[in-house]
Structures are given as C-alpha cells and as structure tokens.
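# Structural overview
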Amino acid sequence: KEAETQTKLANVVVLATGGTIAGAGASAANSATYQAAKVGVEQLIAGIPELSKLANVRGEQVMQIASESITNDNLLQLGRRVAELADSKDVDGIVITHGTDTLEETAYFLNLVEKTDKPIIVVGSMRPGTAMSADGMLNLYNAVAVASSKEARGKGVLVTMNDEIQSGRDVSKTINIKTEAFKSAWGPMGMVVEGKSYWFRLPAKRHTMDSEFDIKNIKSLPDVEIAYSYGNVSDTAYKALAQSGAKAIIHAGTGNGSVSSRVVPSLQALRKDGVQIIRSSHVNAGGFVLRNAEQPDDKYDWVVAHDLNPQKARILAMVALTKTNDSKELQRMFWEY
Ligand SMILES: NC(=O)C[C@H](N)C(=O)O
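Thresholds applied
Residues numbered from 1 in each chain as written. Predicted model: local features only at pLDDT ≥ 70, side-chain atom pairs only at ≥ 80, totals over all residues. Heavy atoms only, no water. Helix = DSSP H or I, 4+ residues; strand = E, 2+ residues; numbered from the N terminus. Rg over C-alpha atoms; globule rule 2.2 N^0.38 Å. Contact = heavy atoms within 4.5 Å. Areas by Shrake-Rupley, 256 points an atom, 1.4 Å probe, with all protein chains shown as cover. Lys, Arg positive; Asp, Glu negative; His and termini not counted. Charge placed at Lys NZ, Arg CZ, Asp CG, Glu CD. UniProt positions renumbered as here; feature names shortened; annotations may be inferred. Buried < 20%, exposed > 50% of the residue type's maximum accessible area, 1.4 Å probe, protein only. Near = heavy atom within 4 Å. Polar contact = N/O pair within 3.5 Å; in protein donor to acceptor, adjacent residues only side chain to side chain. Nonpolar A, V, L, I, M, F, W, Y, C, P; charged D, E, K, R; others polar. Pairing = 2+ DSSP bridges. Axes fitted to C-alpha atoms, helices over the stretch in contact; angles between N-to-C directions.

In this section: the overall build of the protein chain. A tally of helices and strands in the protein chain yields eleven helices and 14 strands. For 337 residues, the compact-globule estimate of 2.2 N^0.38 gives 20 Å, and the C-alpha radius of gyration of the protein chain, at 20 Å, lies within 12% of that figure. Along the longest, intermediate and shortest principal axes, the C-alpha atoms of the protein chain span 70 × 45 × 35 Å. Of the contacts formed within the protein chain by residues at least 6 apart in sequence, a portion of 72% connects residues at least 24 apart. Entry remark: accessible area of the protein chain is about 14,700 Å², with carbon and sulfur atoms responsible for 50%. Treating the 37 positive side-chain charges of the protein chain as one cloud and the 38 negative ones as another, the clouds have centres 2 Å apart.

What follows is the structure, given as structure tokens:
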C-alpha cells in the first residue's frame, strides 16, 4: 500500500542555490543578522518531514551562495540543470531554493528560457531557519506543494512566498525586513494554503513553452548594465559602462523612465556608437514606461522596458541580445515578454 502511494506522488527535485532560506544565525533572536548559504539541501528537506506526504522529494546542491553574488555563469549553470531535469521522464516538478535579493531576476530568466510546461517554482525566505518565526519552512513546503500539482503546469515560472503564488515575471522584492516582501504590481496569481493551491489569474505574457528563447541555444550572456537616475545625475556612469563594453545600458530612470537633460546628449551619442539604450523606471510600486512619452524614443532609436523594473529589464535584454541587435526587434520582445 505504501509503495502504491509512493508511485502515485509526483517526483519533485529541489535544486538548492543558497540564500537566507539556507541561512543560520547565532541566536533565535537574530532575524536580520546571520550568514546566508550555510545549510545544505539534505538538511533543508529533512527539516520538513511533511514534504513526504506531498511528493517524492530529492535534493541537489547546485551552488551555495548568497543571491547578491549570483553571476551570469551561475544563471546559465542553473538554467541548464533545470532544462535537463525538465526533460527527464521521472521528474514532474522542480523547486529552486534561492536568496531573495536576486530571486526575481532568476525567476524571470528561467521563465524566458526553459522550454517546459512542468512546474518550476523559485522560493526563498526572509528569515534564516534559526530565527523565531522563520518563514523558509512553510515557503518551501508551499513550493513543493505547487510543484507537485497538475494545475501549476504551463503557468510559467512561479514564486511561492508568504502563502502567495506569484508570477516569476511580475514579482519583485519590495522590502527587506518583512516576510511580506514579494509583490507584483498586477497581483498574485493564486494562494497556497495547507498544501493546496487556489488559482485566480493567468499570465498574459509569453513564457516557457511559448517563448522564442531556449537555454539550450544560449552559450553565453552579453554584458548589460544598469545606470541609476536621480536629481543632479551626471553622464559619468553611462559613459563608463559603455566604455567597459556594455552592449546595452538599462536606464533606471526616475518617474516614467524620464532622462535628465544633462544625460540625454550622451545617451544619443552612445546609441549612435551601437549601444542599446533601454528606458525603465525605478519607482517603488512598479513602473510603466511608454514609448515616446517624455522622450522621443523613435527619433533616438531607444527601447522602453514598459513595466519591467531595471533588474528584470537587464535579464530580458541579455536574453534578447543573444538573438538580435535590432532595436525594433528588442522593442517587440519588451512588449511580448
Ligand atoms: N533573504 C535573503 O535571501 C537575502 C540574502 N542576501 C540573499 O539574497 O541570499
């Protein structure tokens, strides 16, 4: 009988990359002072015996780092392993434990390049497992629950934090000291409560199976950098980034991606030199940058990131540039993904 239920359960692989969900502090009172990426995947899984009722779970330690230190090579390594597992007949779902600082970037990257409809869930925690009211256990339990459910198929890469199911495309870390940290300007896709998923909406943007990008065809990612805008900003950072070899610069603009009159001439010149200029916004609750609003993008041959925040715009720009350096094509991709 037990063997029967074992075979009926979904097979879920937990790929561990580090982060606070694998963090440890000196005392239970340390919710903010601790070291990330200390606890191994086997210990994380063993800490939640209830997982065995949800799925046949096995773990793999892909890396052990705090997510602020993730590199493009790390992204490619993780993306390739996810693709291998997704191709495997005996894998039904994949969970990635990840630091929260760049979790939204990795989730969006995988959403663009993984050609599978199997659930891929990226999850982290805001407090280390050693802290009082640690959130990692429940977040991971929820991730495995969603990864093992048939309803999660074909919905793109998902993020389970604070009982919510968020689209990996839309979600962003909005505060660094609360467990209610991950938000999307367009709302969560669903809730996961006591191991059961409740769905409310579907993503409208292209992803995974419907994406034109495939991790199997991406050998390396080009250099795309971000320059932050503010009052009294100069063009120093933009010029330095271009000089160091950036193929595209994400303008992390004020308001609707507005550009200071002190910076406009340099960005025009950089575009003439072949650097792609992509206007995004760093407003907190989610930007909404439209073409030719505030700046004549058609005239300058610039691209707008629309609702993608600067760090997500960097991910799409890198992936897009592996296919094209045509600004019109880039703009199409920024509307479609
Ligand atoms: N809460 C966290 O996971 C933060 C940590 N610095 C990380 O991103 O790895």
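Turning our attention to the UniProt feature "active site" (unreviewed entry) in the protein chain. UniProt annotation of "active site" (unreviewed entry) refers to T20 and T100 when read in the numbering used here. A maximum C-alpha distance of 7.4 Å is found for the annotated residues, which run over 81 residues; spatially they form one tight group. If you trace the backbone, T20 turns up in the loop between strand 1 (10–18) and helix 2 (41–46). Classification of T20 by relative accessible area gives buried; the value is 9%. Aside from chain neighbours lying at most four places away, what touches T20 is Y34, A36, G99, S125, M126, R127, P128 and G129.

As for its position among the elements, F109 is in helix 5 (residues 103–113). The exposure class assigned to F109 is buried, which follows from its relative accessible area of 0%. C-alpha separation for the pair F109 and L76, spaced 33 residues apart in sequence, amounts to 9.3 Å. Here F109 is in contact with L75, L76, I215, L221, I315 and V319, once residues within four sequence places are set aside.

Turning our attention to the site of the ligand. G19, T20, Y34, A66, S67, E68, G99, T100, D101 and S125 make up every residue found near the ligand. Between an oxygen atom of the ligand and a side-chain N or O atom of T20, the distance comes to 2.9 Å. The side chain of S67 places a nitrogen or oxygen atom 2.5 Å from an oxygen atom of the ligand. The residue inventory of the shell around the ligand, partitioned by class, reads two nonpolar, six polar and two charged.

What follows covers the sheet that holds strand 1. Reading across from one edge, 2-1-3-4-5-6-9-10 is the order of the eight strands in this open sheet, with mixed pairing throughout. Pairing within the sheet leaves two strands with one partner each, and these edge strands are strand 2 (55–65) and strand 10 (196–199). The mean inter-strand angle of the sheet, taken between neighbouring strand axes irrespective of direction, is 25°. Direction of pairing for strand 5 (residues 158–161) relative to strand 6 (residues 164–167): antiparallel, over a ladder of four bridges. In the sheet register, L158 faces strand 6, and the bridge partner there is S167. Strands in contact with helix 5 are strand 3 (93–97), strand 4 (120–123) and strand 5; relative to strand 4, the strand with the most contacts, it is inclined by about 170°. Seen against the sheet, helix 6 (residues 136–147) touches strand 1, strand 2, strand 3, strand 4, strand 5, strand 6, strand 9 (190–193) and strand 10 and runs at an angle of roughly 160° to strand 3.

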